[in-house]
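# A structural walkthrough
In case you want the letters, here they are:
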Amino acid sequence: MTGSNKKSTEQDALLMSHQDSADRVPVLWIHGYPLSSLLWELQISDLADIARQITPDLRGHGQTPSTAAPYSMEMLANDCVRLLDHLGFVGPVVIGGLSMGGYVALEICRRHPDRVAGLILASTRAGADSAEGKAGRDTAAAVATGTGVEAIVEGMLPKLLAPKTYDEQPDLVDFVREMMMETSVDGVVGALAAMRDRVDSTPGLPNLQIPTLVIHGAEDQLIPVGEAESMAAALPDAELVVVPGAGHLPNLEQPEVFGDAVRGFLEGFYGE
Ligand code: MLT
């Protein structure tokens with residue numbers, strides 16, 4: 001009787017070998033404007049063995065409903081943190097943002113620094129809009145309101161990718177166009193206001209004691225690579241990767257180079 005009790009206790013105490021994706025580094029990927037979570041579809045498969053990836057659609061983009069414009073960076077950053085709360089992430093995660101997603105990531109650093117374990121700043125910049133840039137946002141908002149999202153998409157698409165991507169990857173161009181067309185007018189106008197009114201993150205860069213990967217297409221026509229170089233130089237713990245043959249969307253145009261850089265960065269989070 002005693003013997004059989006002992007055996008059953010040993011059986012109860014057995015800890016099974018197992019895999020659990022919760023062990024993987026959590027990464028919240030924030031897309032740019034006017035894109036959606038589809039931006040990250042290659043990373044979702046390529047990095048599945050190392051990262052638990054969360055890919056929201058910002059309000060008014062992809063499948064997330066719009067609210068009335070204008071939006072603010074504070075609103076978009078709080079939306080992201082609310083999603084992390086909802087998913088039960090109490091500790092810090094890696095925040096990866098592309099272009100406008102990078103502006104949101106920097107806002108999360110400002111407002112919720114305890115939620116950020118690491119940063120991936122892709123195709124983005126730290127500075128605020130110039131007066132001319134702000135006026136351009138208002139013009140674009142008037143176009144979106146007056147004629148719809150298609151005019152914005154067709155105006156922006158020729159500048160989004162590296163010149164050779166248009167020749168060599170026509171399916172990718174169509175994929176990006178369809179993704180952009182999912183954005184609502186309120187999403188476009190709301191995001192334009194949030195970008196226009198964002199604060200300059202440059203003065204805070206030297207205080208961001210967070211491991212950071214700055215990654216940028218060498219042929220980015222929207223945000224010159226020099227912006228990434230100066231941002232990386234001002235950050236205390238940043239690595240810069242410039243992706244040859246890529247424009248503003250290096251994760252789609254050169255996914256292997258992008259994936260290798262992110263993988264190397266995320267490996268640093270294991271064993272901490
Ligand atoms: C983006 O790709 O998110 C936007 O082009 C960024 C911007 O217009 O500043």
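Quick note: structure is the one above.
Just so it is clear, the structure is predicted and the values come from calculations on it, not from any experiment. (Residues numbered from 1 in each chain as written. Predicted model: local features only at pLDDT ≥ 70, side-chain atom pairs only at ≥ 80, totals over all residues. Heavy atoms only, no water.)

## Re the site of the ligand
- Around the ligand, the neighbouring residues are Gly32, Tyr33, Ser99, Met100, Tyr103, Arg137, Met156, Met195, Leu222 and His248.
- In this structure, Tyr33 approaches the ligand through a main-chain N or O atom, which is 2.8 Å from an oxygen atom.
- One nitrogen or oxygen atom from the main chain of Met100 is found 2.8 Å from an oxygen atom belonging to the ligand.
- Residues that form the shell around the ligand fall into these classes: 6 nonpolar, 3 polar and 1 charged. (Near = heavy atom within 4 Å. Polar contact = N/O pair within 3.5 Å; in protein donor to acceptor, adjacent residues only side chain to side chain. Nonpolar A, V, L, I, M, F, W, Y, C, P; charged D, E, K, R; others polar.)

## Describing the sheet that holds strand E2 (residues 51–54)
- An order of E2-E1-E3-E4-E5-E6 is seen for the 6 strands of this open sheet, with the pairing classed as parallel. The open sheet has two edge strands, E2 and strand E6 (238–243), and neither has a second partner. Sheet twist, expressed as the average angle between the axes of neighbouring strands with direction ignored, equals 20°.
- Pairing of strand E1 (residues 25–30) with strand E3 (residues 93–98) involves 4 bridges; the strand directions are parallel. By the bridge assignment, Ile30 is partnered in E3 with Gly97.
- Its contacts with the sheet place helix H3 (residues 73–86) against E1, E2 and E3, and it is angled at close to 145° to E1.
- Relative to the sheet, helix H4 (residues 100–111) contacts E1, E3 and strand E4 (116–122), its axis offset from that of E4 by approximately 155°. (Pairing = 2+ DSSP bridges. Helix = DSSP H or I, 4+ residues; strand = E, 2+ residues; numbered from the N terminus. Axes fitted to C-alpha atoms, helices over the stretch in contact; angles between N-to-C directions. Contact = heavy atoms within 4.5 Å.)

## Considering the pairing of E3
- Across the 6 residues of E3, 6 count as buried, placing the element largely inside the fold.
- In the sheet, E3 pairs with E4 via 6 bridges, with the strands oriented parallel. For Ile95, the partnering residue across the bridge sits in E4 and is Leu119.
- Crossover connection from E3 via H4 to parallel E4: handedness right-handed. (Buried < 20%, exposed > 50% of the residue type's maximum accessible area, 1.4 Å probe, protein only. Right-handed = clockwise from strand over helix to strand, strands pointing away.)

## Some details on unusual backbone geometry
- The residue after Tyr33, namely Pro34, is reached through a cis peptide bond having omega -15°.
- As for its placement among the helices and strands, Pro34 is situated in the loop between E1 and helix H2 (41–46).
- Cis rather than trans, the peptide bond between Ala69 and Pro70 has omega equal to 5°.
- By the element assignment, Pro70 lies in the loop between E2 and H3.

## Some remarks on the packing of helix H5 (residues 131–147) against helix H9 (residues 185–196)
- As a packed pair, H5 and H9 sit with axes 9 Å apart at the nearest point and diverge in direction by 170°. The angle between the axes of H5 and H9 places the two elements in the roughly antiparallel class. Mapping the contact onto sequence places Lys134, Arg137, Asp138, Ala140, Ala141, Ala144 and Thr145 in H5 and Val185, Val188, Val189, Leu192, Met195 and Arg196 in H9.
- For the contact of H5 with H9, the class distribution of residues is 8 nonpolar, 1 polar and 4 charged. (Parallel < 35°, antiparallel > 145°, perpendicular 65-115°, else oblique.)

## What about helix H12 (residues 255–267)?
- Between its terminal C-alpha atoms H12 stretches 18 Å, which fits the 18 Å expected from 13 residues at 1.5 Å a residue.
- For H12, the set of buried residues is Phe258, Gly259, Ala261, Val262, Phe265 and Leu266. For H12, the angular spread of the buried residues around the axis is 165°, confining them to a single face. The exposed set on the far side of H12, more than 90 degrees from its buried face, consists of Glu256 and Asp260. (Expected span 1.5 Å × (residues − 1). Arc of directions from axis to C-beta.)

## Notes on the pattern of salt bridges
- Considering all chains together, one arrives at 14 salt bridges under this definition.
- Linking Glu107 and Arg111 is a salt bridge whose minimum nitrogen-to-oxygen distance equals 2.6 Å. On the criterion of helical spacing, the pair formed by Glu107 and Arg111 is a turn pair, its members being 4 residues apart in helix H4.
- Judged by its relative accessible area of 6%, Glu107 is buried.
- Note on Arg111: relative accessible area 41%, which makes it partly exposed.
- Ionic contacts of the salt-bridge type, sharing partners, join the residues Glu74, Glu107, Arg110 and Arg111 into one network. (Salt bridge = Lys/Arg side-chain N within 4 Å of Asp/Glu carboxyl O.)

Note that all results are geometric; they support no functional claim without further evidence.
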